[in-house]
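# Remarks on the overall topology
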Amino acid sequence: MLDQGAPPQQRGRTVPASPGLGARLMRRNPVERLVAEGGQGEGGSLRRSLGLWQLTMISIGATLGTGIFVVLGEAVPKAGPAVTLSFVIAGLTALFSALSYAELAGTIPVAGSSYSYAYATMGELIAWICGWCLVLEYGVSVAAVAVGWGEYLNELLDGTIGVTVPAALSAPPGDGGVFNLPALIVVLLAMTFLLGGARESARANTVMVVVKIAALVMFCAIGVQGFRSGNYEDFMPLGMAGVSAAGATLFFSYIGFDAASTAGEEATNAQRDLPRAIMLSLVIVTALYVLVAAVAVGARPWQGFTDSEAALAQIMRDVTGQAFWGTLLAFCAVIAIASVVLTVLYGQTRILFAMSRDGLVPRVFSRVHPKTGAPHANTLIVSLFCGVLAAAVPLGQLADATSIGTLFAFALVNVAVVLLRRTRPEMPRTFRVPLSPLLPALGFAFCVWMMGSLSAVTWVVFGVWMAVGLVFYFLYGHRRSRLASSEVK
């Protein structure tokens, strides 16, 4: 009889020792496994139907919207005319991270975006933290964008039929209202498109992106007629601290360029097209942001942007002296911001899809409808959550909370690209970050710097969010992880 008290190797057979807690937290998901499982869900698979054009439009659609149409009004009072510099700083921060995203998206073309990149390079715990930050980035930004949509809807209604949604039903508690009904409505509209499938959603988004770019070009053409050089005389009234604070807020404007990476399992040629889509969309968006901001501040003194969440429409009206142009811009903004809600909501559902497939969140998020190829239950749950959040929380708090979660995730991506270069140098890469590891290091440093520019309240909210996420991970994800059950290390 075997001695039950003896070590395993002394009982006549070799039993591998159970890995310790540290080893379990650091277990990595092999790149080959991540790629091989691409598109596979519960009951069906995602469909590959998106080319370079659609992927680029997804990134532009997710990025270009609330940041310039709404958050600009919050950033100008922090930086003054130097808000244009704030846009450049935020854009540089996004650029460094975009380079890292482009390399990893071409190497690991999966739906999980930076969550999956972290899982392959830094282990399960860091991957979970990154994924939890992405829930904050995508899910909460959907709510923040939806709040801004309601502001422009009121501008449109006022300019066309002379009525607006009552304050009690167009603003959340804390902003003078009870329930933001328009914000809930736009999220539900986006949900309807997403339930139809990725191809149908991409087509609708492309139309909306064309409209929003045309609207911003129109604003510049008209707004420049009211340009006053005197508005730039005191260029940096609040100093560099104001510029960096505004840059941290405006980083919210760049959230979404990575949305194409969440479409990795629905792209027809992901390894070739994802890096191109990410870089192309960021260049287009940054150019438009800086141009529009420069014209806006030139047409209105920076002190006039206080509490102005529909600033561009108001500037159009002031410059022309006619309500028509402001109303037209408001109409375009309603469409533009709706496309942000659509594409960011899309990204959130795909990230949760990947996390669910790995066992870190409930399996319901990876169930795929056999007819549409879309994760229906996932889309319904996320949409209802974001819609209620948008209806109940003020925009400013949402934007800053989203920025800090995004910056944290971007910092991890910059680390991941360096780690994968060292651990898997032989892997084929369709795009390579130039001057690595210098540029990834700069990307990491910029992210940390901008996180430090955010308010103490934002850090407290972030700390609470992360604490909740860690509790959920150790009570659920850590035990149900597919790597844990298959003992893949």
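Model, not experiment: these values are computed from the prediction. Residue positions are given per chain, counted from 1 along the sequence in the order it is written. It should be noted that, the model being predicted, local features are given only for residues of pLDDT at least 70 and side-chain atom pairs only at 80 or more, the latter also being counted only at that level, while totals for whole chains, interfaces and linings use all residues. Values shown for side chains rest on all heavy atoms present in the structure; no hydrogens or waters enter the calculation.

The next subject is the packing of aromatic side chains. Two aromatic rings, drawn from Phe, Tyr or Trp (for Trp, its six-membered ring), form a pair once their centres lie within 6.5 Å of each other, and the interplanar angle then sorts them: stacked below 30 degrees, edge-to-face above 60, tilted otherwise. Applying the stated criterion across every chain, the model contains 20 aromatic pairs. Within the aromatic cluster, the residues linked to one another by ring pairs are Trp128, Trp132, Trp465, Phe472, Tyr473, Phe474 and Tyr476.

Residue-level pLDDT values for the chain average 83, and 92% of them are 70 or greater. For every residue, the predictor reports its confidence as pLDDT, a number between 0 and 100. The criterion used for residue contact is that any of the two residues' heavy atoms lie within 4.5 Å. Taken as a whole, residues 1–12 scores under 50 in pLDDT and shows seven contacts with residues more than four places along the chain or in a different chain.

The next thing to look at is helix α5 (residues 83–107). The end-to-end C-alpha distance of α5 is 36 Å, a good match for the 36 Å that 25 residues give at a rise of 1.5 Å each. Counting buried positions along α5 yields 21 of 25 residues, so the element is predominantly enclosed. Helix numbering and strand numbering both begin at the N terminus, where a helix is a DSSP run of H or I of at least 4 residues and a strand a DSSP run of E of at least 2. A helix is expected to span 1.5 Å multiplied by its residue count minus one. Residue exposure (1.4 Å probe, protein chains only): buried if accessible area is under 20% of the type maximum, exposed if over 50%, otherwise partly exposed.

This next bit is on helix α16 (residues 438–452). Along an α-helix, a turn takes 3.6 residues, which lines up residues three or four apart on a common side. An ideal rise of 1.5 Å per residue puts 21 Å on 15 residues; α16 measures up with 21 Å between its terminal C-alpha atoms. All of the buried residues in α16 are Leu439, Pro440, Gly443, Cys447, Met450 and Met451. Mapping the buried residues of α16 onto a view down its axis gives an arc of 115°, with all of them on the same face. Comment: arc refers to directions from the helix axis out to C-beta atoms.

In this section: a nonpolar patch on the surface. Residues Leu169, Val178, Phe179, Leu181, Ile185 and Leu189 make up a contiguous nonpolar surface patch of roughly 490 Å² in combined accessible area. With respect to the helices and strands, Phe179 occurs in the loop between α7 (124–160) and α8 (181–195). Residues with no salt bridge and a relative accessible area higher than 30% make up the patches, which join like charges within 9 Å and nonpolar side chains (Val, Leu, Ile, Met, Phe, Trp, Tyr) within 5 Å. Method for areas: the Shrake-Rupley scheme with a 1.4 Å probe, in which residue coverage is limited to the protein chains shown. Note on definitions: salt bridges are taken to be side-chain nitrogens of Lys or Arg within 4 Å of carboxyl oxygens of Asp or Glu.

Below, the discussion takes up the environment of Arg272. Mapped onto the fold, Arg272 is located in helix α11 (residues 270–299). Taking the C-alpha atoms as reference points, Arg272 and Leu475, 203 residues apart in sequence, are found 39 Å from one another.

What follows covers the side chain of Glu103. Here Glu103 is to be found in helix α5. Residue Glu103 is classed as buried on the basis of its relative accessible area, which comes to 1%. Glu103 has contacts with Val417, Arg421, Arg429, Phe431, Arg432 and Val433, leaving out every residue within four places of it along the chain.

Close approach of charged atoms allows side chains of opposite charge to pair. In the structure shown here, the tally under the stated rule is eleven salt bridges. Taking the shortest distance from any N to any O, the salt bridge between Glu124 and Arg27 comes out at 3.2 Å. On the criterion of sequence distance, the pair formed by Glu124 in helix α7 and Arg27 in the loop between α1 (21–25) and α2 (31–36) is long-range, its members being 97 residues apart. Grouping residues by exposure puts Glu124 and Arg27 together as buried. Through salt bridges with shared partners, a single ionic network connects Glu32, Arg424 and Glu426.

Peptide bonds are, in most cases, trans, and in most cases residues other than glycine have a negative phi. Between Ser436 and the following residue, Pro437, the backbone shows a cis peptide bond with an omega angle of 10°. Tracing the backbone through its elements, the reader meets Pro437 in the loop between α15 (395–423) and α16. A positive phi angle, close to 55°, is found at Ser113, a residue other than glycine. Examined against the element boundaries, Ser113 turns out to sit in the loop between α5 and α6 (114–121). Residue classification places Ser113 among the buried residues on the basis of a relative accessible area of 0%. Notably, Leu435 is not glycine yet its phi reads approximately 55°, a positive angle.

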